[in-house]
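Here is how the chains run, residue by residue.
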Amino acid sequence: MNQFQSRISDIINTARSVRRKKKVEQKEVTDVCVIGSGAGGAVVAKELAEAGLSVIILEAGEHHEASTFGTYEPEMLRRLFWDSGLRSTRDGAIVISQGIGVGGSTVHNLCYAVRLPQTVLHRWGVPEVWSHFDEVERTLGVTQMQESDVNELNAVIRYGCEMMRWRGGLQRHNRGDCPTCGARCLFGCPNSKSIQTEPVRTGKQSMAVTYIPLALAAGARLYSNCMAEKIHVKQKRAVGVSARLPSGTLDIESKVVVLAAGAINSPQLWLKSQLPNANRRVGKNLHLHPAVFVGGIFNETIDGHLGIPQSYYIDQFLDLRRAPDSGYLLMPAFGSQMIVAASLPGFGKSHRELMERYRHTAALLVLLHDRTTGRVSINHKGMPNISYRLRRSDRQVLMEGAINAARLLFAAGATEIVMPYTEHIPIKTETDLEIIRQRGIVRNDIMLASSHPQGTLQMGEERRNAVVKLSGESHAVEGLFVADASLFPTSIGVPPTLTIAALGRHIAGRIIESGIVQ
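Residues numbered from 1 in each chain as written. Predicted model: local features only at pLDDT ≥ 70, side-chain atom pairs only at ≥ 80, totals over all residues. Heavy atoms only, no water.

## Quick look at the overall build of the chain
Next up, step 1: Secondary structure assignment for the chain yields 13 helices and 20 strands.
Next up, step 2: Taking 24 Å as the expected radius of gyration for a compact globule of 518 residues, we find that the chain reaches 23 Å, a close match to that expectation.
Next up, step 3: Taking the principal axes of the C-alpha coordinates as reference, the chain spans close to 75 × 65 × 50 Å.
Next up, step 4: By sequence separation, contacts in the chain at least 24 residues apart represent 73% of the contacts at least 6 residues apart.
Next up, step 5: For the chain, the computed accessible surface area is about 22,000 Å², with 49% contributed by carbon and sulfur atoms. (Helix = DSSP H or I, 4+ residues; strand = E, 2+ residues; numbered from the N terminus. Rg over C-alpha atoms; globule rule 2.2 N^0.38 Å. Contact = heavy atoms within 4.5 Å. Areas by Shrake-Rupley, 256 points an atom, 1.4 Å probe, with all protein chains shown as cover.)

Here you go:
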């Protein structure tokens, strides 16, 4: 046996030894088991724990220490995002960014704190959810952004908006002062601290530093790196959850199960657990808020990677009160060099030349309020299949949005527009915008992204059209509740964090009122 073969043999024998190690079987009994620690699950856990119920939270990802959020982006993508940030629709046309780890997507989002209009909540049949926004905003530390919060990127976008005479404004956010705020916020905020640990809030106020610490202080217990494998039901009633830990298995007996794993993973676990699906609605009604990036190259230095990434947005083309089913937002967008490089078109010399203008680039995100619906199913391994193909009318709206974003950038002083096509096509005049119209939105020809999947376990009192009741409880399984964006009956058109959190508080109240847990 040579040295190479010997080393391989040692590796194989070590692997066999690891496999032979006895796995630990843990068992727990609790009132409520919450699957997921994001915007919905964290809120439910905190409210129920403070009401005196015993609560266990299961989180598939790690419990991040904010100080460990680093600048090596491949590592942060692996730690903070499902599938290392490469989750996508089945045809690869839309990349879907979903957070994994304690706090879920609130750890990497950019802190827009937008209330859903009350008219939409009335339309859904849950107008009482509006009353929960004040408390959610207080806990998350939501404040109005100030002029001092506007970086050069957002100032340029605002100038273009004013030149076009469109409607826009400074938004509200849930972050404290942060000396290093910038495009790397997408990879977690190393300065995140809440008033639970510091005299004043600093950095991003994600669920990981707000609701989760409050839940734990009230007695909730958290298992991180814990993958829920199956929800158990007996006599049409949820009775517990089986999960997988690095060290073995965890079996939880509970009176209530709250499914809050997100609009992809929640229906996945429902289907994997073979829970009732008589109306075939589980996993359907998927909305993605697909978005396209439009870049503008300027003569002056923008340095869009410095300062708060998003403080301003344009809602000229979205009016949820008058036209609740369609439209789009225009939002400033920028990223680290790696993210921008991955988003830019072209190869070789043309791509290098664009990257050399990194500090001179500003970008807008066209966020579509989609009518298209897709579906989440599972394959033979129990992994999610995400089927979603933009309908013609939505492609048309997204194309018009891209053209309007380019018009705004030209009005702000851009000398060239860059579209994320597979090839670099220079657009240097308003006349050239006809290129966008002729090319249109064709799947796998233009990069599309999604950060807001929603709607796959929709709520409603009509059992034939909905998976869960307006209380969040399953129509088919007593004691099984849903508390994430899966609940949305329609696309909401705006960043969803506050809406999910307010629904979480509403559902926690319904669990307490139901008397299921005595």
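Alright, that's what it looks like, and here's the rest.
## Quick notes on the pairing of strand 12 (residues 291–297)
Next up, step 1: Taken across its seven residues, strand 12 has six buried, putting it largely inside the fold.
Next up, step 2: When strand 12 meets strand 15 (residues 361–368), the two strands line up antiparallel, connected through seven bridges. Looking at strand 15, one finds that Val-292 is bridged to Val-366.
Next up, step 3: Looking at chain direction, strand 12 and strand 18 (residues 416–418) are connected through three bridges and run antiparallel. Across the sheet, Gly-295 pairs through a bridge with Val-418, a residue of strand 18. (Buried < 20%, exposed > 50% of the residue type's maximum accessible area, 1.4 Å probe, protein only. Pairing = 2+ DSSP bridges.)

## Observations regarding the packing of aromatic side chains
Next up, step 1: Tallied over the full model, the rule gives six aromatic pairs.
Next up, step 2: Here the aromatic rings of Trp-130 and Phe-133 are separated by 5.4 Å at their centres, their planes lie at 70°, and the arrangement is edge-to-face.
Next up, step 3: A relative accessible area of 0% means that Phe-133 is categorised as buried.
Next up, step 4: Measuring from ring centre to ring centre gives 4.9 Å for Trp-166 and Phe-317, while their planes differ by 80°; the resulting arrangement is edge-to-face. On the criterion of sequence distance, the pair formed by Trp-166 in the loop between helix 6 (152–164) and strand 5 (168–170) and Phe-317 in the loop between strand 13 (312–314) and strand 14 (328–333) is long-range, its members being 151 residues apart.
Next up, step 5: Among the aromatic residues, those joined into a cluster by ring pairs are Trp-166, Phe-317 and Tyr-328.
Next up, step 6: The ring of Trp-130 carries Arg-115 above its face, with NZ or CZ at 5.1 Å from the centroid.
Next up, step 7: The lysine or arginine in question, Arg-439, covers the ring of Tyr-421, its NZ or CZ lying 4.5 Å from the ring centre. (Phe/Tyr/Trp six-rings, centres within 6.5 Å; stacked < 30°, edge-to-face > 60°. Lys NZ or Arg CZ within 6 Å of the ring centre and 35° of its normal.)

## Focus: the side chain of Asp-31
Next up, step 1: With respect to the helices and strands, the residue Asp-31 is situated in strand 1 (residues 24–35).
Next up, step 2: Assessed through its relative accessible area of 15%, Asp-31 is described here as buried.
Next up, step 3: When near neighbours in sequence (up to four residues on either side) are disregarded, Asp-31 contacts Leu-53, Ser-54, Ser-254, Lys-255, Val-256 and Val-517.

## A closer look at the environment of Ala-278
Next up, step 1: Tracing the chain through its elements places Ala-278 in the loop between helix 8 (265–272) and strand 11 (284–286).
Next up, step 2: Using a relative accessible area of 80% as the deciding quantity, one classes Ala-278 as exposed.
Next up, step 3: Along the chain, Ala-278 and Asn-154 lie 124 residues apart, while their C-alpha atoms are 48 Å from each other.

## Digging into the nonpolar core
Next up, step 1: Formed by 98 residues in total, the largest nonpolar core has its most connected members in Ile-35, Leu-58 and Trp-124.
Next up, step 2: What Ile-35 contacts, discounting residues up to four positions off in sequence, is Leu-58, Ala-228, Ile-231, Val-241, Val-257, Val-258, Leu-259, Ala-260, Ala-261 and Leu-269.
Next up, step 3: In terms of nonpolar packing, the next biggest core, distinct from the first, is built from 56 residues, Val-156, Cys-161, Val-340 and Leu-354 among them. (Core = buried A, V, L, I, M, F, W, Y, C linked by side-chain atoms within 4.5 Å.)

## Notes on the environment of Val-418
Next up, step 1: In this fold, Val-418 is placed in strand 18.
Next up, step 2: Residue class for Val-418 comes out buried when judged on its relative accessible area of 7%.
Next up, step 3: Considering only alpha carbons, one finds Val-418 and Ala-220, 198 residues apart in sequence, at a separation of 49 Å.
Next up, step 4: Not counting chain neighbours up to four residues away, the residues in contact with Val-418 comprise Val-294, Gly-295, Ile-297, Leu-344, Pro-345 and Leu-354.

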